[in-house]
Amino acid sequence: MHLSGALLVLTFLVTPGWVDAYGAAPADDPTADLPPVMILLGALFGCVTFHVVVQIPAGLLGSWLGRRGGVLVSYAVAVAAAAALTLVFLWGVVGVADAAELTALWLDYMARAAVALAGYVGLTSALRPRPARPFPGVEG
């Protein structure tokens, strides 16, 4: 899970669209609503909250349900769970009511989650023990 969290933080090197709205005032403007460090802390807090509420459950669910289906099944289940949890998170927890804003935020978070979950599912599938195969010609 730490890998997916680290990948999620790294995706924030590409600035989310909602940060642009807060960057309208210069940093030295005394009438600015928020100092720039608070915007950074808000993004970091949002990233940690998203990781705990969406990514961890989606990654665990994808690993558990897709354990017999392979890497692509695990990834598909994890992304589908993340899609549903992200929608609930943005609509129910954050309180985004406008459909256009909800769609834009959902797409932004899902793009970041898909990258992070790909790293997690790839790592867990590489570490998953493989069943022992009999030698060729030996009936098992």
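Up top is the structure these notes are about.
About the cut-offs
- Residues numbered from 1 in each chain as written.
- Predicted model: local features only at pLDDT ≥ 70, side-chain atom pairs only at ≥ 80, totals over all residues.
- Heavy atoms only, no water.
- Phe/Tyr/Trp six-rings, centres within 6.5 Å; stacked < 30°, edge-to-face > 60°.
- Helix = DSSP H or I, 4+ residues; strand = E, 2+ residues; numbered from the N terminus.
- Buried < 20%, exposed > 50% of the residue type's maximum accessible area, 1.4 Å probe, protein only.
- Core = buried A, V, L, I, M, F, W, Y, C linked by side-chain atoms within 4.5 Å.
- Expected span 1.5 Å × (residues − 1).

A. Representation of the packing of aromatic side chains in the model. In this structure the tally under the stated criterion is three aromatic pairs. Ring centres of F50 and Y109 lie 4.8 Å apart, and the angle between their planes is 40°; on these two criteria the pair is classed as tilted. Here Y109 lies in helix α5 (residues 99-127) and F50 lies in helix α3 (residues 36-65), a separation of 59 residues in the sequence. As far as the burial class goes, F50 and Y109 line up, both buried.

B. Structural context of the nonpolar core. Grouped together as the largest cluster of nonpolar side chains are 18 residues, with contacts concentrated most on F50, A82 and L90. Counting residues per element, the ones that place at least two in this core are α3, α4 (71-94) and α5. No other element matches α5, which puts eight residues into this core.

C. Main features of α5. End to end, α5 covers 40 Å across 29 residues, agreeing with the expected 42 Å (1.5 Å per residue, within 8%). Turning to α5, its buried residues number three or more, namely L102, L105, D108, Y109, M110, R112, A113, A116, L117, Y120, V121 and S125.

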